[in-house]
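Structural characterization, general
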Amino acid sequence: MTASYPALRLRRTRASAWSRRLHAETVLTPADLIWPLFVTEGAGVEQPIASLPGVSRWSVDGIVARGREARDLGIPCIALFPYTQVDRRTEDGREALNPDNLMCQAIRALKDAVPEVGVLTDVALDPYTSHGHDGLVDAAGYVVNDTTAEMLVAQALNQANAGADIIAPSDMMDGRIGMIRSALEGESHHNVQIMSYAAKYASAFYGPFRDAVGSRGLLKGDKKTYQMDNANAEEALREVAMDLAEGADTVMVKPGLPYLDIIVRVRQAFEVPVFAYQVSGEYAMIEHAVAAGAAERDVMVLETLMSFKRAGCSGVLTYHAAHAAKLLGG
Ligand code: PBG
């Protein structure tokens, strides 16, 4: 028999701070965070991104400085995204394969200066294409799967050769995880991990990111033929199962907060580490709410990040990573 009121008072364990701490079911630490950063050309350059208030693009030296900051704050991993110069963007996004592109420069500089911080690299062609799509587009405007996947394999190898620790394909092509895994094995990159953006939805929350990488104005149409329909949850489980069968080490759900149900279901269905990407539009919502006086940044940041841990995530990609790590005493 379970007790009932007044023997049972659930407020008892909440009555003091030490007791709340003692009874916390979930912990959030700087070690749960992955910090996404945007790289741009030049030296000593910081370019604030208007639609992502508080976030800037940094030249490679600035990225290295952020890498040191991450290390000092206890943030284990950085995610990199390039702002490719417009004259280097082409129909086929071939700059992604250039061994000296911005991404590779940033990877090498980070691994040289702060090898103890992990480097996660995005695999998709959108920062490099003149049309802003993640893959190759045919005459009808359709993003073709198989030839895109071949480009992505070459892109992933290029990043791994530069020193990337985690390859994170965000393109949603079918079959690319298996192809990338076997190419990595073939080149003896046995310990390079793959974190698949397994359940990535076509979302209105990516707008500020597209400003940050400079693809918003270029993008023709939408990404609904490859990113998932937000009406679907069962399909997310199939996407995860497929990527795991092909050799993904870890999987990601993206965006984050509007898809917490998906995180829970993936956790329940698969015994694998799940990550969430609290994307640019989510970050912007918080910052705009704070600017409007409608919310307090610190508590809102920690509350949203805790929700991902509560849902079962191993970690979270968030633009608030450095701020949150400071609040968490990193
Ligand atoms: C591109 C990519 C996107 C994001 C990460 N990788 C945008 C998109 O798919 O259009 C979004 C991240 C964010 O909004 O913070 N492959």
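Structure: above.
Described below are features of the structure shown in this document. (Residues numbered from 1 in each chain as written. Predicted model: local features only at pLDDT ≥ 70, side-chain atom pairs only at ≥ 80, totals over all residues. Heavy atoms only, no water.)

What follows deals with the overall build of the protein. What the protein contains, in helices and strands, is eleven helices and ten strands. Over its C-alpha atoms the protein spans a radius of gyration of 20 Å, differing by no more than 12% from the 20 Å that the globule rule assigns to 330 residues. In terms of its C-alpha atoms, the protein occupies a principal-axis envelope of roughly 70 × 45 × 40 Å. Taking all 330 residues of the protein together, 53% fall into the buried category. Pairs at least 24 apart in sequence give 74% of the contacts found in the protein among residues at least 6 apart. Put simply, the protein shows about 14,500 Å² of open surface, and 53% of that area lies on carbon and sulfur atoms. Separation of charge centres in the protein, based on 31 positive and 41 negative side chains, amounts to 9 Å. (Helix = DSSP H or I, 4+ residues; strand = E, 2+ residues; numbered from the N terminus. Rg over C-alpha atoms; globule rule 2.2 N^0.38 Å. Buried < 20%, exposed > 50% of the residue type's maximum accessible area, 1.4 Å probe, protein only. Contact = heavy atoms within 4.5 Å. Areas by Shrake-Rupley, 256 points an atom, 1.4 Å probe, with all protein chains shown as cover. Lys, Arg positive; Asp, Glu negative; His and termini not counted. Charge placed at Lys NZ, Arg CZ, Asp CG, Glu CD.)

Another point: the pairing of strand β7 (residues 193-200). The element β7 is largely enclosed, with a buried count of seven among its eight residues. As judged from the two bridges shared by strand β6 (residues 166-169) and β7, these two strands associate in the parallel manner. In the sheet register, I166 faces β7, and the bridge partner there is Q193. The handedness of the β6 to β7 crossover, carried by helix α5 (residues 176-186), is right-handed. Sheet topology places β7 next to strand β8 (residues 250-254); four bridges connect them, and they run parallel. Bridge pairing in β8 links K200 to K254. (Pairing = 2+ DSSP bridges. Right-handed = clockwise from strand over helix to strand, strands pointing away.)

Attention now goes to the state of the cysteines. Evaluated as defined, the whole model comprises zero disulfides. Of all cysteine sulfurs in the structure, the one in C313 sits closest to C77, which takes part in no disulfide; the separation is 15 Å. The buried category is assigned to C77, whose relative accessible area is 6%. (Disulfide = S-S within 2.5 Å.)

It is worth spelling out the pairing of strand β4 (residues 77-82) at this point. In the case of a regular strand, side chains alternate between the two sheet surfaces. Among the six residues of β4, six are classified as buried, and the element is accordingly described as predominantly covered. Covered by surrounding structure in β4 are C77, A79 and F81 together with I78, L80 and P82, the residues of both alternating faces. As paired elements, strand β1 (residues 33-39) and β4 share six bridges and run parallel to each other. Counted as the bridge partner of P36 is A79 from β4. Bridging between β4 and strand β5 (residues 118-123) involves four bridges; their strand directions are parallel. Bridged to A79 within β5 is L120. After leaving β4, the chain enters helix α3 (residues 102-113) and then returns to the sheet as β5, a path that is right-handed.

Before going further, it helps to spend a moment on the environment of V137. As for its placement among the helices and strands, V137 is situated in the loop between β5 and α4 (145-162). It is 7.8 Å that separates the C-alpha atoms of V137 and E91, two residues lying 46 residues apart in sequence. Those residues in contact with V137, other than ones at most four positions away along the chain, are H131, Y142 and V143.

It is worth spelling out the side chain of H131 at this point. As for its placement among the helices and strands, H131 is situated in the loop between β5 and α4. A polar side-chain atom of H131 sits 2.8 Å from the main-chain carbonyl oxygen of E91. The contacts of H131, once residues within four sequence positions are left out, are E91, V137, L218, L219 and K220. (Polar contact = N/O pair within 3.5 Å; in protein donor to acceptor, adjacent residues only side chain to side chain.)

This paragraph deals with the site of the ligand. K200, K223, K254, S280 and Y319 are the nearest of the 18 residues found near the ligand. In this structure, an oxygen atom belonging to the ligand sits 2.7 Å away from a side-chain N or O atom of S280. Y319 places a side-chain nitrogen or oxygen 2.6 Å from an oxygen atom of the ligand. Burial of the ligand by the protein amounts to 100% of the accessible area it has alone, namely 400 Å². The residue inventory of the shell around the ligand, partitioned by class, reads eight nonpolar, three polar and seven charged. (Near = heavy atom within 4 Å. Nonpolar A, V, L, I, M, F, W, Y, C, P; charged D, E, K, R; others polar.)

What follows deals with the pattern of salt bridges. Summed over all chains, the structure comprises 18 salt bridges. Notably, a salt bridge pairs R66 with E69, separated by 2.8 Å at the nearest N-O pair. Here the residue R66 and the residue E69 both occupy positions in helix α2 (residues 60-73), the gap between them amounting to three residues, near one helical turn. In this structure, the salt-bridge partner of R265 is E234, at a minimum N-O distance of 2.7 Å. Taken as a pair, R265 in helix α8 (residues 260-269) and E234 in helix α7 (residues 234-245) lie far apart in primary sequence, 31 residues in all. Salt bridges here are not isolated pairs; linked through shared partners, they connect R66, E69 and K326. (Salt bridge = Lys/Arg side-chain N within 4 Å of Asp/Glu carboxyl O.)

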